[in-house]
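One letter stands for each residue in the lines below.
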Amino acid sequence: MDTPRLDHLLNSYLDGNLPPEEKHELEGSLLASPDARRQFWRAARLHGALRLLGGQESGAGAAQREPDLPGKDKVIHVGRRFWIGAAAAAAIALVAIAAEFWPSRNTAQGHLAGVEPNTPNGLVVPPESTKPKLSERLFSASPHESASERIAASRNRLDQLRTKFHYQPASRL
Amino acid sequence: MPESDQIALVPRLFIQNMVSVRGFVIALMPDFSRVDDVVQETFLTVTAKANDFETGTNFRSGAFSIARFKVLEAAWGPGAKEVILNTKVIEALSASVMEEPDSAMELRVLGECKDGPTRQAMRVIDLRYEQSHRQCEIAEIMGWTVNAVNVALARARKALRECVDQKLRAQES
């Protein structure tokens, strides 16, 4: 396929208006030609970078700009929204880690409460924790569980974490 | 590495590779409205698999693999659009992802190049990437035909790509 034709198909694809027959043409070309795949990634990388840059500018400048375009109320601040979502997700992960590994007041009290008066050398021996680790609670699987059951179980546990920490995916923010 | 360090390291690596992962998802799924959800799903799965990550292995490649599954999942889900490429093509493209230049530098250079094209061209680019308008909306705003918008977008992207390539080559040498 010649370069201008591939350019045309890639532009239509990236703009989301590739008709079905041209989609098949593009797919055939991408499957057959390493050069076409290279061209695809060049175009796609620019598309992604422009979107990222646009999202940052949209988020950073939105507060200062006056509405000057029809349909401006339809602006979606995806970049800012994404970072809020990512920060929320990262916060969930950190809180979960902290909750698991940070020595809590209750745990310390538990250790002290568990001291035996006759412990040799007076050392405090913490009782063996029976609580499973975070990773075990999140991803433990019985050998009888199938992969799909394990994925479903992991999803449920993630949903529980989301609920517990009031996490909403970005699209619902 | 202790388990707690491992669990903390993986989200950090994900944030470091965010631009690449996001670019990868946008390339395979040019519909902006679903990209954030797919990237967040990828983040949740990557962090859920933190224990499986082996230090010294290619984190980005693993993250791309998970992102590819999430894109395919979204492609089969409700509201999926025909424009997503077929599974074989997505797999062929994923196997040929180009080595990327420094993403931060590429973004900076792209920001510089945005001063290059004509004012009209940059307005179209901003409307598309910053304001998330579709071509028919841009046509209405600019008072152009949809075809003229498509041509302007294609030309502006070509000019930006050439400018970025030229500046990156100059920096390398």
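It should be emphasised that the depicted structure is a prediction, and the values quoted were computed from it without experimental measurement.

Enquirer: Please set out the overall build of chain B residue by residue, giving values where relevant.
Expert: Counting its regular elements, chain B contains nine helices and zero strands. Listing each helix as α and each strand as β along chain B from the N terminus yields α-α-α-α-α-α-α-α-α. Here chain B holds 173 residues, and the buried ones make up 37% of them. Taking as baseline every contact in chain B between residues at least 6 positions apart, the subset at least 24 positions apart corresponds to 68%.

Enquirer: Give a detailed account of the overall build of chain A, specifying residues and quantitative values.
Expert: Scanning chain A from terminus to terminus reveals seven helices and zero strands. Listed by position from the N terminus, the elements making up chain A come as α-α-α-α-α-α-α. Every one of the 173 residues in chain A was classed for burial, and the buried ones make up 21%. The long-range fraction of contacts in chain A, counting pairs at least 24 apart against all pairs at least 6 apart in sequence, stands at 48%.

Enquirer: Please set out the packing of helix α3 (residues 32-48) of chain B against helix α4 (residues 59-76) of chain B residue by residue, giving values where relevant.
Expert: The geometry of a pair of packed helices is captured by two quantities: the angle between their axes and the separation between those axes. Residues and elements named next belong to chain B. At their nearest, the axes of α3 and α4 sit 9 Å apart, and the two run at 130 degrees to each other. In terms of orientation, α3 lies oblique with respect to α4. In this structure, α3 meets α4 at a crossing whose hand is right-handed. Residues R34, V38, E41, T42, T45 and V46 of α3 pack against A63, I66, A67, K70, V71 and A74 of α4. Residue composition of the contact of α3 with α4, grouped by class: seven nonpolar, two polar and three charged.

Enquirer: Break down the nonpolar core for me, citing the residues and quoting the values.
Expert: Counting 60 residues, the largest nonpolar core has V25(B), L28(B), M29(B), V71(B) and V124(B) as its most contacted members. The element best represented in this core is helix α3 (residues 34-61) of chain A, accounting for nine residues. If we ignore the near neighbours within four places in the chain, the residues touching V124(B) are I138(B), M142(B), V149(B), A152(B), L153(B) and A156(B).

Enquirer: Please give an account of unusual backbone geometry that cites residues and values.
Expert: Only a minority of non-glycine residues have a phi that is not negative, and only a minority of peptide bonds are not trans. Residues and elements named next belong to chain B. We note that S132 has phi near 60 degrees; this positive angle belongs to a residue other than glycine. Here S132 lies in the loop between α7 (119-130) and α8 (135-142). Using a count of 19 C-beta atoms within 10 Å as the deciding quantity, one classes S132 as partly exposed.

Enquirer: How would you explain the environment of S33(B) if you had to name every residue and give the values?
Expert: Residue and element names in this part refer to chain B. Looking at the secondary structure, you find S33 in helix α3. Of the residues examined, S33 has 13 C-beta atoms within 10 Å and is grouped as partly exposed. Separated by 99 residues in the primary sequence, S33 and S132 place their C-alpha atoms 8.9 Å from one another.

Enquirer: Explain the packing of α4(B) against helix α5 (residues 87-94) of chain B residue by residue, including any values.
Expert: Residue and element names in this part refer to chain B. At a closest axis distance of 11 Å, the pairing of α4 and α5 adopts a crossing angle of 165 degrees. Classified by the interaxial angle, the pair formed by α4 and α5 is roughly antiparallel. The element α4 and its partner α5 pack so that their crossing is right-handed. On α5, the residues that touch F64, R68, V71 and L72 of α4 are T87, I90 and S94. Tallied by class, residues from the contact of α4 with α5 come to four nonpolar, two polar and one charged.

Reading the values: the criteria
Residues numbered from 1 in each chain as written. Chains lettered and ligands numbered in written order. Predicted model: local features only at pLDDT ≥ 70, side-chain atom pairs only at ≥ 80, totals over all residues. Helix = DSSP H or I, 4+ residues; strand = E, 2+ residues; numbered from the N terminus. Buried ≥ 20, exposed ≤ 12 C-beta atoms within 10 Å, placed from the backbone. Contact = placed C-beta atoms within 7 Å. Axes fitted to C-alpha atoms, helices over the stretch in contact; angles between N-to-C directions. Parallel < 35°, antiparallel > 145°, perpendicular 65-115°, else oblique. Left-handed = near helix turned anticlockwise from the far one by under 90°. Nonpolar A, V, L, I, M, F, W, Y, C, P; charged D, E, K, R; others polar. Core = buried A, V, L, I, M, F, W, Y, C linked by C-beta atoms within 7 Å.

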